[in-house]
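# Summary of the model geometry
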Amino acid sequence: MNPEHQPVLLEAVITGLNVTPGQLYLDATVGLGGHTQAILKRGAAVIGLDRDPQTLTRLAEALPDPQLTLIEGNFSQMSDLVRQVTSQPLAGILMDLGVSRYQLAEPSYGLSFQVDAPLDMRLDPHLTVNARDLVNGLSQKELTHLFRLYANEPQAAAMARAIGFKRRFAPIQRTGELAELIASVNPRRGKLHPATKVFQALRLAVNHELDHLTAALPQTVDLLQPHGRLAVISFHEGEDRLVKQFMKHESHFNILTKKPIIPTAAEIAANPPSRSAKLRLVEKL
Ligand SMILES: C[S@@+](CC[C@H](N)C(=O)[O-])C[C@H]1O[C@@H](n2cnc3c(N)ncnc32)[C@H](O)[C@@H]1O
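Residues numbered from 1 in each chain as written. Predicted model: local features only at pLDDT ≥ 70, side-chain atom pairs only at ≥ 80, totals over all residues. Heavy atoms only, no water.

### What to know about the side chain of Gln225
- Here Gln225 lies in strand β5 (residues 224-234).
- A polar contact of 3.3 Å, which involves the side chain of Gln225, links it to the side chain of Gln23. (Helix = DSSP H or I, 4+ residues; strand = E, 2+ residues; numbered from the N terminus. Polar contact = N/O pair within 3.5 Å; in protein donor to acceptor, adjacent residues only side chain to side chain.)

Here is the structure:
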């Protein structure tokens, strides 16, 4: 197993997708291939999609496999991207949202409050606006709105005020600087670092993650074969709400998980970032 990323809810995903030898699956967030490797091991083929070229380069070196086709691109365009390589209907699609542990730990992404680095957060180097631009460029009102909307943060206004005050003297440049500032406004609640949700909110905004998810979900319908399955793992309330609503209202799908599947205490202990994961599954009629 790759020490840089442990696949979340692995058994539930493999069982839920009903992985069958000889069939073709799309891993729309292939990352370092944790789930994909398990699908390949069961004798199936995988198209692995990711918007992050750095991740794909690492994966191509680590997992050369004739049954794996890698594509760089955004899952918001999954239909066109998949149809460029095959017209075969898919037996299953996996979307494991967010970022990998590798991306969080790698300073060049500037994603984590635990790794001091230039504040960036872009998963896709083609994006022109990074987290530094948002933190230093949005008005206090806009930052408050962002922290409320994406982080559900009760201290949103106080955090935005603290940012507004600090940047009057010099722009906020580093993850460590921002994490410290947020922590000074927001006392630690439980085990979670006080900056966790604000960092997630900024990442969602920089990468337009909810917009891409909204665009991607309807494309899964035509890509899947009858009885093909869609599995989505989300880590954020807003993401999960979108997934749940889509699955509920899409008439071509049968819901397989009335309640989302969540990790066991043992999985959370072994892999703490899995703690907020929710897996939802549907089957195409
Ligand atoms: C949680 S990781 C996936 C980990 C993978 N399932 C594994 O077990 O190794 C999420 C991956 O999705 C990618 N990603 C995020 N948003 C994307 C999007 N809109 N389109 C394509 N890839 C995306 C990220 O770059 C990251 O590599």
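### Digging into the environment of Gln103
- If you trace the backbone, Gln103 turns up in helix α5 (residues 101-105).
- Exposure remark for Gln103: the relative accessible area of 5% places this residue in the buried category.
- Between the C-alpha atom of Gln103 and that of Leu123, which follows or precedes it by 20 residues, the distance is 8.3 Å.
- Beyond its immediate sequence surroundings of up to four residues, Gln103 is in contact with Asp52, Thr55, Tyr109, Leu111 and Leu123. (Buried < 20%, exposed > 50% of the residue type's maximum accessible area, 1.4 Å probe, protein only. Contact = heavy atoms within 4.5 Å.)

### Considering the site of the ligand
- Taken together, 24 residues surround the ligand, and among them Gly34, His35, Asp50, Phe75 and Asp96 come closest.
- A distance of 3.2 Å separates an oxygen atom of the ligand from a polar backbone atom of Gly33.
- Gln103 places a polar side-chain atom, nitrogen or oxygen, 2.9 Å from an oxygen atom of the ligand.
- Contact with the protein chains covers 98% of the free accessible surface of the ligand, which is 600 Å².
- When its residues are assigned to classes, the shell around the ligand shows eight nonpolar, 12 polar and four charged. (Near = heavy atom within 4 Å. Areas by Shrake-Rupley, 256 points an atom, 1.4 Å probe, with all protein chains shown as cover. Nonpolar A, V, L, I, M, F, W, Y, C, P; charged D, E, K, R; others polar.)

### Let's talk about helix α13 (residues 237-249)
- Spanning 13 residues, α13 covers 18 Å between terminal C-alpha atoms, matching the ideal 18 Å at 1.5 Å per step.
- Looking at α13, one finds that the buried residues are Gly238, Glu239, Asp240, Val243, Phe246 and Met247.
- Where α13 is buried, its residues contact α10 (196-206), α11 (209-216), α12 (219-223), β5, β6 (253-255) and β7 (278-284). (Expected span 1.5 Å × (residues − 1).)

### Notes on the pattern of salt bridges
- Per the stated rule, a full pass over the model turns up eight salt bridges.
- The partner of Glu209 in a salt bridge is Arg203, with the nearest N and O atoms 2.8 Å apart.
- For Arg241, the salt bridge goes to Glu237, with nearest N and O atoms at 3.7 Å. Of this pair, Arg241 and Glu237 both sit in helix α13, four residues apart, which is roughly one turn of that helix.
- The exposure class of Glu237 is partly exposed, given its relative accessible area of 49%.
- Taken together, the shared-partner salt bridges connect Asp240, Lys278 and Arg280 into one network. (Salt bridge = Lys/Arg side-chain N within 4 Å of Asp/Glu carboxyl O.)

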